[in-house]
Amino acid sequence: MTLVGPGTWEAALASAATAATAARLALAGRPAYALSRPPGHHATRDGFGGSCYLNNAGVAATAMREAGLERVAIIDIDAHHGNGTQAIFYDRADVFYGSVHVDPGRGWFPHFMGFADEVGSGAGEGWNRNLPLPPGSGDDAFLAGVAELCAQASALGVQALVVSLGVDAAELDPESPLRVSRGGFSAAGRLLAEMGLPTALVQEGGYHLEILGLLVADVLGGFG
Ligand SMILES: [Zn+2]
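About the cut-offs
- Residues numbered from 1 in each chain as written.
- Predicted model: local features only at pLDDT ≥ 70, side-chain atom pairs only at ≥ 80, totals over all residues.
- Core = buried A, V, L, I, M, F, W, Y, C linked by C-beta atoms within 7 Å.
- Buried ≥ 20, exposed ≤ 12 C-beta atoms within 10 Å, placed from the backbone.
- Contact = placed C-beta atoms within 7 Å.
- Helix = DSSP H or I, 4+ residues; strand = E, 2+ residues; numbered from the N terminus.
- Pairing = 2+ DSSP bridges.
- Right-handed = clockwise from strand over helix to strand, strands pointing away.
- Expected span 1.5 Å × (residues − 1).
- Arc of directions from axis to C-beta.
- Axes fitted to C-alpha atoms, helices over the stretch in contact; angles between N-to-C directions.
- Parallel < 35°, antiparallel > 145°, perpendicular 65-115°, else oblique.
- Nonpolar A, V, L, I, M, F, W, Y, C, P; charged D, E, K, R; others polar.

A word on the nonpolar core
One broad rule of soluble globular proteins: the nonpolar side chains tend to lie buried together. If you look at the biggest cluster of nonpolar residues, it comprises 65 residues, and the most contacted ones within it are Ala19, Ala22, Ala60, Ile75, Val162, Ala200 and Val202. Not counting chain neighbours up to four residues away, the residues in contact with Ala60 comprise Ala19, Ala20, Ala22, Ala23, Val162, Ala200 and Val202.

Here's what the structure looks like:
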């Protein structure tokens, strides 16, 4: 599924660099979108998979930490759980990872991670939140999940936000396990923007090529 060939490293490195640049632009005062391909949220520190090679959202959050911020949130609205991002920050109390996604226990990738009882370990306990949804869930459940993640991140006092912006939860997506409408993505964008934080949005999944750009623009529209 996740092939390696000529150009793979150059593409993965450029994708990660795009995310780091978006993080710097966000801290400079305006929301920034990174069109990162290949995506990243399934990549761990030492492993790749699920079409991901380097964890772009993790790179963005790290760039924000290295710029001097003490606490950063990554909120992942891709239809699938970002097992790589969770693994990277699982024992840390400086980067919150929250994800709303299809229930991995119902046969969906990444299968072995993304369950509700994974809340972080050690110092990181309370800094990881998973909200798995039954397959077929629509706007109401999805947006309730996004709102819950925003509330938890705010309660932790995060100073900046990275959004793992997958749009494969769309009802029109041919591979989607969820049924989120275009209006649902717009509303998700508004919820994320209302946090009022410096924000970098990093592209993750999305497979309906004809409307992919529209779905991304729906989310970005929330940021004005
Ligand atoms: Zn996905």
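With respect to helix α2 (residues 56–66)
Of all eleven residues in α2, nine are buried; the element is thus mostly enclosed. Among the residues of α2, those classed as buried are Asn56, Ala57, Gly58, Val59, Ala60, Ala61, Thr62, Ala63 and Met64. Trailing α2 by a residue or two, Gly68 shows a phi angle of about 115°, which is positive.

Here we look at the pairing of strand β3 (residues 95–102)
Most of β3 sits out of view: eight of its eight residues are buried. Sheet topology places strand β2 (residues 72–76) next to β3; five bridges connect them, and they run parallel. Bridge pairing links Asp76 to Ser99 in β3. Between β2 and its parallel partner β3, the chain crosses via helix α3 (residues 83–89), and the hand of that crossover is right-handed. Sheet analysis places β3 next to strand β4 (residues 128–133), joined by six bridges and oriented parallel. Residue pairing across strands places Val102 opposite Leu133, the latter belonging to β4.

Examining helix α4 (residues 139–155)
Along its 17 residues, α4 runs 24 Å from first to last C-alpha, staying within 8% of the 24 Å computed at 1.5 Å per residue. For α4, every residue scored as buried is listed here: Phe142, Leu143, Gly145, Val146, Leu149, Cys150 and Ala153. All buried residues of α4 lie within an arc of 155° about the axis, which places them on one face of the element. Along α4, exposed side chains directed more than 90 degrees from the buried face belong to Asp140 and Ala155. Downstream of α4 by a residue or two, Gly157 has a phi angle that is positive, lying close to 75°.

What to know about the sheet that holds strand β6 (residues 199–203)
Strand order in this open sheet of six strands is β1-β6-β5-β2-β3-β4, and the pairing throughout is parallel. Only two strands of the sheet have a single partner each, and these edge strands are β1 (32–34) and β4. On average, adjacent strands in this sheet sit at an angle of 15° to one another, irrespective of strand direction.

Here's the deal with the pairing of β2
A large share of β2 lies buried, amounting to five of its five residues. Neither face of β2 is open: one carries Val72, Ile74 and Asp76, the other Ala73 and Ile75, and all of them are buried. In this structure, β2 lies alongside strand β5 (residues 160–165), joined through five bridges in parallel fashion. Looking across to β5, one finds that Val72 is bridged to Ala160.

Thoughts on the packing of α4 against helix α5 (residues 182–193)
In contact at an axis separation of 10 Å, α4 and α5 are set at 10° when each is read in the N-to-C sense. Taken together, the axes of α4 and α5 lie roughly parallel to each other. Where α4 approaches α5, its residues Asp139, Phe142, Leu143, Val146, Ala147 and Cys150 are matched on the opposing element by Gly183, Gly184, Ala187, Ala188, Leu191 and Leu192. Among the residues making up the contact of α4 with α5, the classes are represented as nine nonpolar, two polar and one charged.

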